[in-house]
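# Architecture and fold: a report
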Amino acid sequence: MLLLLKNQFQLWPFLKSMVVRLVMFWLISSLIRNFFGPKQQQAVDHNVSVVGGGKTYPPSFNMFQSNEHFELFVYLSPKVERFHDFDNAESLFWHERDLFYGDWTSGADGDGSRQKTVTMMPTPEVLQHNGSLYMHVFLVVYSSCQLNKFKKKYYHKTANLLTGKTEQNALERQKAEEGVKFDVLNYWHPNITVNLVTDFTAWTRGQLPAPLDEAVKFDPTSNRYYPIVFFNNYWNLANEYQPINDTVPSLNFTVTFAPLSNRTNL
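Notes on the structure in this doc start here. Quick caveat, the model's predicted, so the values are computed rather than measured.

Rules and cut-offs
Counting restarts for each chain: residues are numbered from 1 in the order of the written sequence. Two thresholds apply to this predicted model, a pLDDT of at least 70 for residue-level local features and 80 or more for giving and counting side-chain atom pairs, whereas whole-chain, interface and lining totals are computed over all residues. The side-chain figures draw on all heavy atoms in the structure; neither hydrogens nor water molecules are used. For the purposes of this entry, the term helix denotes a DSSP run of H or I that reaches at least four residues, the term strand denotes a run of E that reaches at least two, and both are numbered from the N terminus. Buried, partly exposed and exposed residues are distinguished by accessible area as a fraction of the type maximum, computed with a 1.4 Å probe on protein chains only: under 20%, between the cut-offs, and over 50%, respectively. Only heavy atoms enter the contact rule, under which two residues are in contact if any of them lie within 4.5 Å. Exposure was quantified through the Shrake-Rupley algorithm and a 1.4 Å probe, taking into account, for residues, occlusion by the shown protein chains and nothing else. DSSP-based pairing: two strands are paired if at least 2 bridges between them are found. Each axis is a line fitted through C-alpha atoms, and for a helix only the stretch in contact is used; angles between axes span 0 to 180 degrees, taken between their N-to-C directions.

Across its full length, the chain carries four helices and 13 strands. The buried share of the chain, taken over its 266 residues, is 32%. Across the chain, every contact between residues at least 6 apart in sequence was considered, and the portion connecting residues at least 24 apart equals 72%. Of the roughly 18200 Å² of accessible surface on the chain, a fraction of 58% belongs to carbon and sulfur atoms.

Right under this line is the structure:
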């Protein structure tokens, strides 16, 4: 009896040690799975993107290759809808041939840019009557933008404290005296730049951050993306905009087409 009790006391430490080791083994295994599991899953999902409906897309590449030949067509129209009136010769503002993707050396300035300047005389009737004018650009991809802007013109009764004079004309002073706070006027800027972005990044549909998700357009059949077109008015200063009405006889307009890189080292 004493021998049996002695053997039981010797067996208990052994069993206790085994249980502790099993628990430790389970904890360590769980930590390893949790540590490496998400990274492995991320590596699996890195090459696809899940969008609406659960559809997945692999990374896409630019439809254009470096030095690929293309032409530029620019049309002006009072309609915001996609341009289709190609038989109307008056709508064609600019047609530029023999352009090459990623060209940074050709052109008059040796930087790959081109420029078209005109004086629109008379001022387009749609602008004289508070309407809008749109520029429709066709490369391989179609893009458009509104050329005019509607902004508030404020009227003030105050004058310059140093000179005692006001920069407002007689009509503006009259409106201020009548209590008119502001009018919404149609404004025009004579310059706009169309940038064609040189970019060969492997973008994945559904994973692009804003506002890049609006700029990159994917072809639904090939899953490649079109060259990125960017309408650049960053350098257009507010004081360079001029109001438009039926008293403005003409408008100057310059469109610059230029390459743009998404890399800071170019």
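Read on for the rest.
Bringing the sheet that holds strand β10 (residues 191-198) into the picture now. The four strands are arranged β5-β13-β10-β11 in an open sheet whose pairing can be described as mixed. Edge strands, defined here as strands with exactly one partner in the open sheet, are β5 (114-120) and β11 (228-232). Mean inter-strand twist for the sheet, computed between neighbouring axes without regard to direction, equals 20 degrees. Relative to strand β13 (residues 251-261), β10 runs parallel, the two sharing eight bridges. If you follow N191 over to β13, its bridge partner there is T254.

By themselves, these observations are geometric and do not establish any function.
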